[in-house]
Amino acid sequence: MRQAPELLLPAGSLDKMHAAFDFGADAVYAGQPRYSLRVRNNDFSTLQALQEGIDGAHARGKQFFVASNIFAHNAKLKTYLRDMAPVVAMKPDALIMADPGLIMMVRDKWPDVPVHLSVQANAVNWADVKFWHRMGLTRVILSRELSLDEIEEIRQQCPEMELEVFVHGALCIAYSGRCLLSGYFNHRDPNQGTCTNSCRWDYKVQNAEEDASGDFNVIPLQFHKALAEAEQRPFSSLHQQPRHPLADQAYLIEEAERPGQLMPIMEDEHGTYIMNSKDLRAVEHIERLVKIGVDSLKIEGRTKSLYYAARTAQVYRQAIDDAVAGRPFNIDLLGQLQGLANRGYTDGFYQRHHTQAHQNYMRGASEANRSQYIGDVLGVENGWARVQVKNRFAVGDRLEVIHPQGNRDITLTRMRSDQGAEIQVAPGSGHIVRIALDPSLDRALLARYL
């Protein structure tokens with residue numbers, strides 16, 4: 001039997017923390033007030049809530065890590081150790097940190113507190129990992145920009161250090177999350193924990209021509225016409241690499257909520273860097289990561305739904321258990337993750353060059369058994385479950401009941417309003433309906449097969 005890595009999930013709230021544990025997580029992480037990159041939408045923003053989370057995790061025999069991973073400006077240095085003292089007293093299982101100065105301060109004052117190096121610190125090679133081991137850190141969260149082969153080399157060179165990698169969730173367009181876009185638009189610095197996710201806003205691209213005064217005259221970009229014309233032109237080269245003939249043109253982007261504010265951007269053969277990335281999904285690489293000997297597999301998504309926490313924990317738990325037992329990868333897991341809200345999936349930098357056949361295989365497998373989150377079971381009484389509706393569903397739909405004791409499929413044959421009247425359709429979010437359900441499935445989550 002291979003050694004099972006830790007499955008680590010985000011804890012945006014106590015409910016999500018318990019859902020993560022119910023469905024297979026070994027540990028969770030949450031942001032520490034004021035000093036983490038998890039300031040916004042963080043139910044653990046008070047010391048009381050943080051204490052409840054840590055105590056709740058420990059009561060279940062699980063671990064709770066606290067992120068304190070900002071890069072601090074001078075003003076925050078004055079209050080850091082004072083504000084960290086009550087957090088350290090709560091006995092979190094580790095602090096996740098990035099700033100070398102803050103790490104030094106914590107190591108000097110609390111030398112016995114485990115410190116994990118945040119992905120924000122950009123650890124991309126084995127010498128980097130060895131350095132942080134000498135500084136007394138117990139784990140390094142490796143940069144997302146590494147391939148599987150690079151991770152394996154780091155593991156071989158650094159057997160004494162715990163290694164953690166991300167396997168699922170949003171990807172930042174900037175290198176290891178060091179983005180300035182939110183700070184530029186909203187004066188809310190991503191590296192101080194207040195990112196507004198500006199890269200994911202709705203942008204429109206327009207063509208631009210510069211007039212004699214140096215101003216830009218805006219012309220709607222005719223993509224199809226421009227590309228058709230481009231096909232008749234020879235490609236030029238840049239450092240002996242193919243270059244698109246439109247690469248040297250200036251373009252303007254306009255964000256949907258800022259009409260008239262036109263911002264010039266440049267595009268080269270790699271594309272336009274400001275647009276948002278697909279989401280990371282590396283469940284198909286769990287077997288390789290287990291073989292490499294990675295210690296912790298991390299999922300991102302503290303602001304996602306309860307369903308997201310449950311589904312990702314359940315899917316990655318199965319993938320880990322299968323890999324440890326030597327069972328082949330179950331392609332049905334791809335389809336289960338496809339039902340989560342996502343921007344399309346990528347395995348990031350883990351494997352740089354996929355064959356077309358592999359890409360088609362992965363896409364086809366993802367389409368199988370696709371589902372949509374439709375509701376939470378609030379309780380079951382006399383064989384009827386009260387369901388908090390999240391998305392529309394109807395009598396006749398094939399549903400998946402997702403529960404820590406095991407999932408099951410049912411076909412919905414009857415449904416009532418919360419007042420008891422027979423109905424055919426649950427219209428959507430905000431409604432409560434009742435469906436026939438086994439009492440053992442109390443607190444289940446529901447999905448509809450598409």
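The coordinates are above.
Residues numbered from 1 in each chain as written. Predicted model: local features only at pLDDT ≥ 70, side-chain atom pairs only at ≥ 80, totals over all residues. Heavy atoms only, no water.

A.B. asks: Give a description of the pairing of strand β18 (residues 384–389) that names residues and reports values.
C.D. replies: Strand direction decides the pairing type here: strand β17 (residues 371–381) and β18, joined by six bridges, are antiparallel. Bridged to Asp376 within β18 is Gln388. As consecutive antiparallel partners, β17 and β18 are separated by two residues, and within that stretch Asn382 has a phi angle of approximately 55°, a positive value. As paired strands, β18 and strand β24 (residues 432–436) are joined by five bridges and run antiparallel to one another. Following the sheet pairing, Trp384 is matched in β24 by Ala436. (Pairing = 2+ DSSP bridges. Helix = DSSP H or I, 4+ residues; strand = E, 2+ residues; numbered from the N terminus.)

A.B. asks: Which residues make up the packing of helix α3 (residues 74–89) against helix α4 (residues 100–109), and what values do they have?
C.D. replies: Orientation of α3 relative to α4, taken along the N-to-C sense of each, is 30°, at an axis distance of 11 Å. Taken together, α3 and α4 sit at an angle that is classed as roughly parallel. Judged by the twist between their axes, the crossing of α3 over α4 is right-handed. Counting all contacts with α3, which are made through Leu77, Tyr80 and Leu81, the residues of α4 involved are Leu102, Met105, Val106 and Lys109. Of the residues that constitute the contact of α3 with α4, the class distribution is six nonpolar, no polar and one charged. (Axes fitted to C-alpha atoms, helices over the stretch in contact; angles between N-to-C directions. Parallel < 35°, antiparallel > 145°, perpendicular 65-115°, else oblique. Left-handed = near helix turned anticlockwise from the far one by under 90°. Contact = heavy atoms within 4.5 Å. Nonpolar A, V, L, I, M, F, W, Y, C, P; charged D, E, K, R; others polar.)

A.B. asks: An account of the pairing of strand β2 (residues 27–31) is requested, with residue identities and associated values reported.
C.D. replies: For β2, the tally of buried residues reaches five of five residues, placing the bulk of the element in the interior. Neither face of β2 is open: one carries Ala27, Tyr29 and Gly31, the other Val28 and Ala30, and all of them are buried. Across three bridges, the pairing between strand β1 (residues 6–10) and β2 is parallel. Residue pairing across strands places Leu8 opposite Ala27, the latter belonging to β2. Crossover connection from β1 via helix α1 (residues 14–22) to parallel β2: handedness right-handed. Note that β2 and strand β3 (residues 63–67) share five bridges and pair parallel. Directly across from Ala30, in β3, lies its bridge partner Val66. (Buried < 20%, exposed > 50% of the residue type's maximum accessible area, 1.4 Å probe, protein only. Right-handed = clockwise from strand over helix to strand, strands pointing away.)

A.B. asks: Describe in detail the pattern of salt bridges, supporting the description with residues and values.
C.D. replies: Where side chains of opposite charge bring their charged atoms close, a pairing between them can arise. For the structure shown, the criterion picks out 22 salt bridges. Residue Glu164 is joined to Lys298 by a salt bridge in which the shortest nitrogen-to-oxygen separation is 3.2 Å. With a gap of 134 residues between them, Glu164 in strand β7 (residues 162–169) and Lys298 in strand β15 (residues 296–299) connect regions that are remote in the sequence. Like Lys298, Glu164 is buried. Measuring nitrogen to oxygen at the nearest pair gives 2.6 Å for the salt bridge that ties Arg311 to Glu400. Taken as a pair, Arg311 in helix α10 (residues 306–325) and Glu400 in strand β20 (residues 398–402) lie far apart in primary sequence, 89 residues in all. Glu400 matches Arg311 in its accessibility class, with the two residues each being buried. (Salt bridge = Lys/Arg side-chain N within 4 Å of Asp/Glu carboxyl O.)

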